[in-house]
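Listed below, chain by chain, are the residues.
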Amino acid sequence: MTQTLALSAVTQPSQNTIPNRSYWHVVARQLRQEPVAMVSAVVLLLIVCAALFAPWLAPADPFKASMLKRLMPVGSPGYLLGTDELGRDMLTRLMYGGRLSLLMGVVPVFAAFFIGTSLGLLSGYVGGRVNMVIMRVLDVFYAFPSVLLAVAISGALGPGMSNSLIALTLVFVPQVVRVAESVTTQVRKLDYIEAARMSGAGSFSIIRVHVLGNVLGPVFVYATGLLSVSMILASGLSFLGLGVKPPEPEWGLMLNTLRSAIYSSPLLAALPGAFIFITSIAFNLLADGVRSAMDIRR
Amino acid sequence: MFAYILKRLFYALPIALSVTVVSFMLVYLAPGDPLNAIAPADAPADVIEALKSAYGLDRPVPVQYGLWLWRALQGDLGTSIASGRSVVSEVFSAVGNTLLLAGIASGLGVLVGCVLGALAGYKHGGGVDRAATALSVVGVSIPHYWLGLVLTIIFSTWLGWFPAMGAGPGGSTDWSWDWEHVRYLVLPSVTLSVIPMGIITRTVRALVADMLAQEFVVALRARGLGGMAVFRHVAKNTAPTVLAVAGLQVGYLMGGSILVETVFAWPGTGFLLNTAIFQRDMPLLQGTLLVLCMFFVGLNLLVDIVQPLIDPRMGRG
């Protein structure tokens with residue numbers, strides 16, 4: 001799929017015939033006409049704002065426990081979404097939890113985007129032995145199912161947030177490199193690159209001016225698609241006890257600590273997961289919107 | 001064909017070898033001495049030396065790897081530090097349970113995904129298409145560990161139809177194919193099947209819609225072929241791609257089941273990995289990872305070999 005995706009995207013920017021409008025302008029305008037993508041964007045914006053402004057918006061202290069007020073049901077007076085197994089306000093913890101969950105979901109994708117694009121450009125542009133070495137080394141990572149790889153790496157490094165971030169980045173880098181490399185290899189052979197080289201442009205400026213513009217699009221689309229996977233995996237690692245450590249609020253970890261309450265207060269126990277789900281589906285739908293908006297020839 | 005299989009086997013060998021390297025080197029990612037897990041912090045120097053030579057840790061790393069690989073090839077993956085039993089026996093009983101769960105789940109997911117995807121592809125733009133598309137988006141976006149919890153709440157806590165955890169009555173781990181045992185399989189396998197279901201639905205829908213728009217289908221129809229006959233052609237042309245995607249998904253489920261196994265306390269490799277990680281049982285971690293990945297490599301190889309049987313064009317390339 002990445003192959004066809006990359007192929008279809010290579011020639012797009014140059015096909016932009018609308019005068020005085022940049023490619024990204026057209027994409028943004030196209031995106032605004034997709035209702036599903038726009039709704040997802042609004043939902044994401046709300047979640048991000050709630051997480052970002054949690055210290056000012058949240059009704060309570062996320063760490064203040066109360067043995068008397070444990071597992072109060074959703075809709076209790078003073079506790080809109082109830083309290084968790086230690087009597088802490090759920091709404092507050094869900095808002096604060098979004099900070100770490102979003103951070104842990106987004107950071108690995110960003111890191112993989114930068115590392116993967118650089119490696120892919122290098123590998124695709126230089127070609128030859130360098131390409132072979134880089135791609136064969138990355139092939140090894142494909143021999144591991146991604147969840148298994150993430151769990152194994154962060155398990156070996158030991159539980160903790162930064163280790164999970166490293167593990168997830170390592171899982172995504174090879175995938176991004178493959179996309180970037182395949183586009184770069186295709187672009188490199190085009191005539192205008194040859195022309196640029198003949199007119200005396202150095203490798204660095206050819207990559208920066210002529211190659212990067214073609215590569216960023218497909219890689220960007222691929223990376224947006226990774227966001228939801230990353231959210232699910234990051235919270236999953238915390239759910240296993242490999243990511244964020246208690247008492248820090250994080251959706252996956254909250255889901256884990258509330259598991260003992262699935263018989264007494266099932267609604268409460270399912271709540272943190274619902275937020276992971278909403279965020280991940282919003283990321284997915286937005287990514288779909290971006291993908292079809294960038295497919296301008298359609 | 002024979003040459004093709006040989007070539008594939010030849011390609012798989014370096015991958016398999018590098019998997020062993022990564023599995024082995026994982027221990028050295030861990031901070032601190034690998035001995036930390038075995039020896040108490042205040043152990044006297046001569047005890048530590050004795051332990052080091054007992055585990056072969058006093059030799060250079062490449063030698064250690066060579067020895068480990070040599071023993072692994074003979075079916076010896078060392079001794080679990082946590083339980084004191086041989087890693088091979090621990091891993092194989094757990095792998096059986098994981099393969100059972102992943103196998104049923106992927107069968108279910110691929111079957112439902114193919115049917116839904118084909119229907120959606122045929123009724124492009126209609127109600128069925130929209131429903132299938134929505135379902136596939138949900139399938140790929142849902143955190144499956146959460147879905148497991150939600151299904152437990154609905155079907156176990158509220159309705160009481162299926163047990164919430166374990167793999168047999170009274171916590172037994174001996175599997176048999178009667179209702180008493182199969183009941184335990186229902187919730188975990190349905191939970192796990194959602195991942196391949198979403199992706200297969202998406203793939204099949206796109207492929208079928210694409211195929212139906214092609215000229216050869218128009219030609220077949222123009223020749224007066226009925227719906228079923230045309231469908232046979234479409235199915236034959238989509239099969240290789242679907243097989244490749246499905247094969248990959250089955251493999252991912254072997255790793256992806258870790259989280260679902262934790263939710264349902266299923267006695268598979270997920271449980272084993274958990275033990276290995278939190279008790280810093282490195283031989284167990286290495287062994288489990290190695291066996292799971294070898295299955296994954298083998299599966300990819302199998303898909304590569306089966307594909308040209310369905311689509312002869314691939315064998316020649």
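Residues numbered from 1 in each chain as written. Chains lettered and ligands numbered in written order. Predicted model: local features only at pLDDT ≥ 70, side-chain atom pairs only at ≥ 80, totals over all residues.

## A closer look at the overall build of chain B
Alright, step 1. Broken down by element type, chain B carries 12 helices and zero strands.
Alright, step 2. Along chain B, helices and strands appear, N-terminal first, in the series α-α-α-α-α-α-α-α-α-α-α-α.
Alright, step 3. Each principal axis of the C-alpha distribution contributes one length, and for chain B these read about 85 × 55 × 35 Å.
Alright, step 4. Burial statistics for chain B: of 317 residues in total, 37% are counted as buried.
Alright, step 5. Within chain B, residue pairs in contact and separated by at least 24 positions form 73% of the contacts whose partners lie at least 6 positions apart. (Helix = DSSP H or I, 4+ residues; strand = E, 2+ residues; numbered from the N terminus. Buried ≥ 20, exposed ≤ 12 C-beta atoms within 10 Å, placed from the backbone. Contact = placed C-beta atoms within 7 Å.)

## A closer look at the nonpolar core
Alright, step 1. In this structure, Ala150, Val151 and Val176 of chain A together with Ile200 and Cys293 of chain B are the most contacted members of the largest nonpolar core, which totals 145 residues.
Alright, step 2. Considering every element that reaches this core, the biggest residue donor is helix 10 (residues 203-240) of chain A, with 17 residues.
Alright, step 3. Filtering out sequence-adjacent residues up to four positions away, Val176 of chain A remains in contact with Ala112, Phe113, Gly116, Thr117, Gly120, Val219, Tyr222 and Ala223 of chain A. (Core = buried A, V, L, I, M, F, W, Y, C linked by C-beta atoms within 7 Å.)

## Quick look at the interface of chain A and chain B
Alright, step 1. In this complex, chain A contributes 35 residues to the contact, which on the side of chain B involves 39 residues.
Alright, step 2. Breaking the side of chain A that touches chain B down by element, the ones donating at least two residues are helix 6 (128-142), helix 7 (146-157), helix 10 and helix 12 (266-294) of chain A.
Alright, step 3. Taken together, the residues of the side of chain A that touches chain B break down into 24 nonpolar, nine polar and two charged. (Nonpolar A, V, L, I, M, F, W, Y, C, P; charged D, E, K, R; others polar.)

## Considerations on unusual backbone geometry
Negative phi values dominate among residues other than glycine, just as trans dominates among peptide bonds.
Alright, step 1. Going from Pro246 of chain A to Pro247 of chain A, the amide bond is cis rather than trans, its omega being 10°.
Alright, step 2. Looking at the secondary structure, you find Pro247 of chain A in the loop between helix 10 and helix 11 (251-257).
Alright, step 3. Even without being glycine, Ala265 of chain B reaches a positive phi, approximately 50°.
Alright, step 4. Note that Ala265 of chain B resides in the loop between helix 9 (227-264) and helix 10 (269-278).

## Notes on the environment of Ser230 of chain A
Residues and elements named next belong to chain A.
Alright, step 1. Here Ser230 shows up in helix 10.
Alright, step 2. A tally of 26 C-beta atoms within 10 Å means that Ser230 is categorised as buried.
Alright, step 3. Each C-alpha atom of the pair Ser230 and Gly241 lies 17 Å from the other, and the pair is 11 residues apart in sequence.
Alright, step 4. In this view, Ser230 contacts Gly105, Pro108, Val109, Leu168 and Phe172; residues no more than four positions away in its chain are not counted.

## Some words on the environment of Glu250 of chain A
Alright, step 1. Take Glu250 of chain A: it is sitting in the loop between helix 10 and helix 11.
Alright, step 2. Sequence-distant contacts of Glu250 of chain A, that is, excluding residues within four places in its chain, are made with Gly97, Leu100, Ser101, Ser238, Gly243 and Val244 of chain A.

## Description of the environment of Gly273 of chain A
Alright, step 1. As for its placement among the helices and strands, Gly273 of chain A is situated in helix 12.
Alright, step 2. Look at Gly273 of chain A and you get buried, because 24 C-beta atoms sit within 10 Å.
Alright, step 3. Along the chain, Gly273 of chain A and Met254 of chain A lie 19 residues apart, while their C-alpha atoms are 8.5 Å from each other.
Alright, step 4. Those residues in contact with Gly273 of chain A that lie beyond four places of it in its chain are Leu255 of chain A together with Pro143, Trp146 and Leu149 of chain B.

## Some thoughts on helix 5 (residues 127-141) of chain B
Alright, step 1. Between the first and last C-alpha of helix 5 of chain B there are 21 Å, a value that for 15 residues agrees with the 21 Å anticipated at 1.5 Å per step.
Alright, step 2. Taken together, the buried positions of helix 5 of chain B are occupied by Ala132, Ser136, Gly139, Val140 and Ser141 of chain B. (Expected span 1.5 Å × (residues − 1).)

## Details of the confidence of the model for chain A
Alright, step 1. In the predicted model, chain A carries a mean pLDDT of 84, and 92% of its residues have values of at least 70.
Alright, step 2. The secondary-structure element of chain A with the lowest mean pLDDT is helix 1 (residues 2-10) of chain A, recorded at 45, while helix 5 (residues 90-126) of chain A shows the highest, at 92. (pLDDT = per-residue confidence, 0-100.)

## Details of the packing of helix 5 of chain B against helix 7 (residues 179-212) of chain B
Residue and element names in this part refer to chain B.
Alright, step 1. Close contact between helix 5 and helix 7 brings their axes to 7 Å; oriented N to C, the two are set at 140°. Judged by the angle between their axes, helix 5 and helix 7 are oblique. The two elements helix 5 and helix 7 cross, and the hand of that crossing is left-handed. Together, Ala132, Leu135, Ser136, Gly139 and Val140 of helix 5 and Val194, Ile195, Met197, Gly198, Ile199, Thr201, Arg202 and Arg205 of helix 7 make up the contact between the two elements.
Alright, step 2. Grouping the amino acids of the contact of helix 5 with helix 7 by side-chain chemistry returns seven nonpolar, four polar and two charged. (Axes fitted to C-alpha atoms, helices over the stretch in contact; angles between N-to-C directions. Parallel < 35°, antiparallel > 145°, perpendicular 65-115°, else oblique. Left-handed = near helix turned anticlockwise from the far one by under 90°.)

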